[in-house]
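Okay, here's what each chain looks like letter by letter:
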Amino acid sequence: MAIIHHTTLQPSKLDLLTTWLPTRPWYAGTGTPELTKAGGFRLDDPAGEVGIEFMVAADADGVAYLVPLTYRGAPLDGAEHALVGTMDHGVLGKRWAYDGCHDPVLVAELFALVEGRAQAQMQSVDNTPDPDIARSFTGTGGLRAHGPARDDETGTELPAENGTALRLHRRLGLPEAPPAGAVGHVAGPWTARDGSRVRGLFAELR
């Protein structure tokens, strides 16, 4: 069970993302974005070592980005390319923040969420399931990672051992219902620029 510490972070998560997002192939803006936190959820690391957060960050143009992040107390070997940055946590000390699509702990728990073996948690409340996160799985066989994540101009693909792949939509806006041909999905809400609450597709399994 993750413990949410309401404390200081220097720099903040949004500060890190402001620098990091423009380096991503799926970033739609130009220049440095002005970001706000628009929603998201968490997953628990069964070992209790890694923080797992799926943040929705919106820019000044109203584009909402899905940013899976992991927080670690030490560098992740071989993941220098996925490092978003480091922060000083008021309780835990120095933390290394990674693009979670390249962190095996997040990938394993995301596959578990799709299958129904893990439950989404509220983003800012301890030990509280998030009922707004929808998921489905109609495939066969267990989902286990098979090879590295692949980023492109619209999202990130996570290949699985059973021949499927989970595609994360980094720029949000698609309807939340799983599209034709999908054998699993994850969907949820975030807050639009006008303050309204919207729902959309976070990931689909094909």
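A brief report on the enclosed structure follows. (Residues numbered from 1 in each chain as written. Predicted model: local features only at pLDDT ≥ 70, side-chain atom pairs only at ≥ 80, totals over all residues. Heavy atoms only, no water.)

A closer look at the packing of aromatic side chains
Here is the rule we go by: Note on aromatic contacts: the rings of Phe and Tyr and the six-membered ring of Trp form a pair at centre separations within 6.5 Å, being stacked when their planes are under 30 degrees apart, edge-to-face when over 60 apart, and tilted otherwise. Each helix is a run of DSSP H or I of at least 4 residues and each strand a run of E of at least 2, with the numbering of both proceeding from the N terminus. The buried label goes to any residue with under 20% of its type's maximum accessible area, the exposed label to any with over 50%, and the partly exposed label to all in between, with areas taken from a 1.4 Å probe on protein chains only.
Counting across every chain of the model gives six aromatic pairs. Ring geometry for tryptophan 20 against tryptophan 26: centres 5.9 Å apart, planes inclined by 70 degrees, an arrangement best described as edge-to-face. Centroid distance phenylalanine 41 to phenylalanine 54: 4.7 Å. Interplanar angle 5 degrees. Geometry classified as stacked. In this pair, phenylalanine 41 is assigned in strand 2 (residues 36-43) and phenylalanine 54 in strand 3 (residues 51-58), connecting sequence segments 13 residues apart. Residue classification places phenylalanine 41 among the buried positions, given a relative accessible area of 1%.

So, the sheet that holds strand 10 (residues 165-169)
Note the cut-off: Only strands that DSSP links by at least two bridges are regarded as paired with each other. Throughout, a residue-residue contact means that at least one pair of heavy atoms, one from each residue, lies within 4.5 Å. Axes here refer to lines fitted to C-alpha atoms; in helices the fit is confined to the stretch in contact. Angles between the N-to-C directions go from 0 to 180 degrees.
Within the open sheet, the six strands sit side by side as 7-11-12-10-9-8. Their pairing is antiparallel. Each edge of the sheet is formed by a strand with only one pairing partner; in this case those strands are strand 7 (134-137) and strand 8 (150-151). Where strand 11 (residues 184-191) and strand 12 (residues 197-205) come together, eight bridges link them in antiparallel fashion. Following the sheet pairing, tryptophan 190 is matched in strand 12 by valine 198. Helix 2 (residues 104-115) rests against strand 7, strand 9 (155-159), strand 10, strand 11 and strand 12 of the sheet, and its axis sits at about 80 degrees to strand 7.

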